[in-house]
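Structural overview
As a plain string of letters, each chain reads:
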Amino acid sequence: MKMKKLTAMGMAVMMAATMIPAVPAMADGGGKVYYLNFKPEQDEAWQNLAKAYTEETGTEVTVVTAASGQYETTLQSEMAKSDAPTLFQVNGPVGLKNWKDYCYDLTDAEITKGLTSDAYELKDGDAVDGIAYVIESYGLIVNKTLLEKAGYTLDDIKSYDDLKKVADDIQARKDELGVKGAFTSAGMDGSSDWRFKTHLANLPIYYEYKEDGIDDTDAIKGTYLDNYKNVFDLYITDSTCEGSELSAKTADDSRNEFINGDAVFYQNGSWEYAELSKTYSDDELAMIPIYFGVDDENEGLATGTENYWCVNKNASEEDVQATLDFMNWCVTSEAGTKAMAEDMGFTIPFKTAQAPTNVFVKQDAEYTEAGLTPVSWNFTTMPSEEWKNGLGTALTAYAAETGSWDDVVSAFVDGWATEKALSE
């Protein structure tokens, strides 16, 4: 099965069906497109691109964006309707298990022929069930201006020990520096907890797999959970708020703290660039690896994809063709590739891609060119959403001091074995 390493962002909260607008029918019996978008931060850009395509071609394109953490539930609801999405997303092999019977075979599609590598095909058997449409990176976003105000530069942070030293100092001097904490809040609300139960949790999996020379396991050992603890401890102690408040802190809270200059460090990804660039210039922003205390001198940003487009084979023949045409236009036309590069900040894995303006994407390339190793996205091997939810619950209790780190270890290791067994 060809793929990049990936994971789903928490998909457990129910979304009211009434929040989804009606999908308009196309006049004169022509095909139409209904795209159920996974990424809330790109909603405006997708709406604008859909409008531009409709104006150019006359094909009606409706984009509906699921709320953060609610994509899978929304997809289940929408697929049960007569006007189901014609274009939807899965997060890789784990997500594909639920939807492979709905996937149109993209083997001979024009968009598939334009991929830069067949590594971006998502296959189950011989059929190409999905294709990656964006490559992203995540790490620690840094407010360079505040970092320099504290007396440091990026060159002072090249390891976990360096990060802890700088963060501890900023936290101790937060009133003097005019910040609320070194790190933005590690919110464990459903809109935010994926950053820690999925993205941060990728690091101990990545290093264990690397050490053992494997790419999956039915029994994770937890070799690097002490490192996981060290980083999470930094997040909850050198923070803008108390650990007991994190259960209610949202993704918006964390982003706004960074935008308002309340914190120096913000764990998130290249997808945040479009929003942050409204406040900060490229010179004020940087992304550094989440230094884990294992192989810091060689560690780059975590780079991969969790975004695979799939076409609903149960749609009418006209709608399937309209959807294929729209997808191909997005990644080949000047308007489409410009919007994806500039408005969305995407690096798209297609031969016709425009160079992105996203400073975080540029930095990822610079790290790689300097010989650092990108951390692969191993989310695909996480056993289930239930495993992630159990880990998130344990992390939340630990941060609030109502649970122990042993509970986190149990959720990680024992929960992994249990959920892997259930998935067989």
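Only a predicted model underlies this, so the values are computations on that prediction, with no experimental measurement involved. Sequence order as written defines residue numbering, which begins from 1 separately in each chain. Per-residue local features of the predicted model are confined to residues with pLDDT of at least 70, and side-chain atom pairs are confined, for both listing and counting, to 80 or more; whole-chain, interface and lining totals are unaffected and use all residues. To get the side-chain values, all heavy atoms of the structure are used, and hydrogens and water are removed first.

Each helix corresponds to a stretch of at least 4 residues labelled H or I by DSSP, and each strand to a stretch of at least 2 residues labelled E; elements are numbered beginning at the N terminus. Of regular secondary structure, the protein possesses 17 helices and 12 strands. Here the protein has a C-alpha radius of gyration of 21 Å; the compact-globule value for 424 residues is 22 Å, and the two agree. Its C-alpha atoms put the protein at 65 × 50 × 45 Å along the principal axes. Buried, partly exposed and exposed residues are distinguished by accessible area as a fraction of the type maximum, computed with a 1.4 Å probe on protein chains only: under 20%, between the cut-offs, and over 50%, respectively. In the protein, which comprises 424 residues, the proportion classed as buried is 57%. Here, two residues are considered to be in contact whenever any of their heavy atoms come within 4.5 Å of each other. When contacts within the protein are restricted to residue pairs at least 6 apart in sequence, long-range pairs at least 24 apart make up 76% of them. It is over C-alpha atoms that the radius of gyration is taken, and the globule rule equals 2.2 Å times the number of residues to the power 0.38.

All right, on to the side chain of T337 then. Positionally, T337 belongs in helix 14 (residues 334-343). With a relative accessible area of 2%, T337 lands in the buried category. Aside from chain neighbours lying at most four places away, what touches T337 is C330, V331, T332, I348, T352 and Q354.

This next bit is on the state of the cysteines. In this description, the term disulfide denotes a pair of cysteine sulfurs within 2.5 Å. Taken as a whole, this structure holds 0 disulfides when the rule is applied. Cysteine C103 remains unbridged, with the sulfur of C310 as its closest cysteine sulfur at 3.9 Å. Taking relative accessible area as the criterion, C103 reaches 6% and is therefore assigned buried. The thiol of C330 is unpaired, and the distance to the nearest cysteine sulfur, on C310, comes to 15 Å.

Turning our attention to the nonpolar core. For our purposes a nonpolar core is just a set of buried Ala, Val, Leu, Ile, Met, Phe, Trp, Tyr and Cys residues, chained together by side-chain atoms within 4.5 Å. Counting 77 residues, the largest nonpolar core has I170, Y228, F232, Y235, F265 and F412 as the members making the most contacts within it. F412 has contacts with A201, P204, I205, I220, L225, Y228, W387 and L391, leaving out every residue within four places of it along the chain. A45, V90, I111 and V128 belong to the second-largest nonpolar core, a separate cluster that totals 55 residues.

Further remarks concern the packing of aromatic side chains. Classification of ring pairs rests on two measures: the distance between centres of Phe, Tyr or Trp rings, Trp counted by its six-membered ring, which must be within 6.5 Å, and the angle between planes, read as stacked under 30 degrees, edge-to-face over 60 and tilted in between. According to the stated counting rule, one finds 30 aromatic pairs in the structure shown. Both rings, one in Y53 and one in F326, keep their centres 5.1 Å apart while their planes meet at 65°; by these two values the pair is edge-to-face. Separated by 273 residues along the polypeptide, Y53 in helix 1 (residues 43-57) and F326 in helix 13 (residues 317-332) bring together distant segments of the chain. You can call F326 buried: its relative accessible area is 0%. Ring geometry for F183 and F265: centres 5.2 Å apart, planes at 35°, overall tilted. Note that F183 is positioned in strand 7 (residues 181-183) and F265 in strand 8 (residues 263-269), a separation of 82 residues in sequence. Pair check on accessibility: F183 and F265 agree, each one buried. Here the aromatic cluster, defined as three or more aromatic residues joined through ring pairs, consists of F183, F196, Y228, F232, Y235, F265, W387, Y398, W405, F412 and W416.

Of all the residues in helix 11 (residues 251-259), the buried ones are A251, S254, R255, E257, F258 and I259. Here the buried face of helix 11 lies against strand 6 (136-143), helix 8 (194-200), strand 8, helix 12 (273-276) and strand 9 (285-288). The definition of a polar contact used here is a pair of N or O atoms within 3.5 Å, where within protein one atom must be able to donate a hydrogen and the other to accept one, and adjacent residues in sequence count solely through side-chain atom pairs. Structurally, the start of helix 11 carries an N-cap: the backbone nitrogen of D252 is 3.3 Å from a side-chain oxygen of T250. One or two residues past the end of helix 11 sits G261, with phi positive at roughly 75°.

To continue, consider the environment of Y206. In this fold, Y206 is placed in helix 9 (residues 202-212). Sequence-wise, Y206 and N378 are 172 residues apart; in three dimensions their C-alpha atoms are separated by 6.4 Å. If we ignore the near neighbours within four places in the chain, the residues touching Y206 are T373, P374, V375, S376 and N378.

Here we take up the environment of Y120. By secondary structure assignment, the location of Y120 is in the loop between helix 4 (110-113) and strand 4 (121-124). Separated by 238 residues in the primary sequence, Y120 and N358 place their C-alpha atoms 21 Å from one another.

So, on to the confidence of the model for the protein. For the protein, the mean per-residue pLDDT works out to 91, and 93% of the residues sit at or above 70. pLDDT expresses, on a scale from 0 to 100, how confident the predictor is about each individual residue. Overall, residues 1-29 carries pLDDT values under 50, and its contacts beyond four positions in sequence, including any with other chains, amount to 100 contacts.

Inspection of the secondary structure puts D253 in helix 11. With sequence-adjacent residues up to four places away left out, D253 is seen in contact with S185 and A248. At a separation of 2.9 Å, a polar atom in the side chain of D253 contacts the main-chain amide nitrogen of T250.

What follows is about helix 1. Helices are assigned an expected span. That span is 1.5 Å times one less than the residue count. Compared with an ideal rise of 1.5 Å per residue, which puts 15 residues at 21 Å, helix 1 spans 21 Å between its outermost C-alpha atoms and is within 8% of the ideal. In the core, the buried residues of helix 1 are packed alongside strand 1 (33-37), strand 2 (61-65), strand 11 (308-311), helix 13 and helix 14.

A side-chain nitrogen of Lys or Arg and a carboxyl oxygen of Asp or Glu constitute a salt bridge if their distance falls within 4 Å. Applying the stated criterion to the full structure yields 19 salt bridges. The closest approach of N and O atoms between D233 and K229, which form a salt bridge, is 2.8 Å. You can see D233 and its partner K229 sitting in helix 10 (residues 225-237), 4 residues apart, about one turn around the helix. Judged by relative accessible area, which is 17%, D233 ranks as buried. When its relative accessible area of 25% is taken as the criterion, K229 is described as partly exposed.

Turning to the packing of helix 10 against helix 17 (residues 405-423), a few remarks are in order. To get an axis, a line is fitted to the C-alpha atoms, and for a helix only the part in contact is used. The angle between two axes follows their N-to-C directions and goes from 0 to 180 degrees. Two elements in contact, helix 10 and helix 17, have axes whose closest approach is 11 Å; the angle formed by their N-to-C orientations is 125°. In terms of axis orientation, helix 10 runs oblique to helix 17. For the crossing formed where helix 10 meets helix 17, the hand is right-handed. Counting all contacts with helix 10, which are made through L225, Y228, K229 and F232, the residues of helix 17 involved are W405, V408, V409, F412 and V413. As a working rule, the residues Ala, Val, Leu, Ile, Met, Phe, Trp, Tyr, Cys and Pro are called nonpolar, Asp, Glu, Lys and Arg charged, and the rest polar, with Gly in that last group. A per-class count over the contact of helix 10 with helix 17 returns 8 nonpolar, no polar and 1 charged. Any angle that is under 35 degrees is reported as roughly parallel, and any over 145 degrees as roughly antiparallel; angles of 65 to 115 degrees are reported as roughly perpendicular and all others as oblique. Helix crossings get a hand from a simple test, with the near helix turned counterclockwise from the far one by less than a right angle marking a left-handed crossing and a clockwise turn marking a right-handed one.

We treat two strands as partners when DSSP finds at least two bridges between them. Across 4 bridges, strand 4 lies against strand 5 (residues 127-132) in antiparallel orientation. Bridge pairing links L122 to G130 in strand 5. What sits between the antiparallel neighbours strand 4 and strand 5 is a turn of 2 residues, in which G125 has the positive phi angle 80°.

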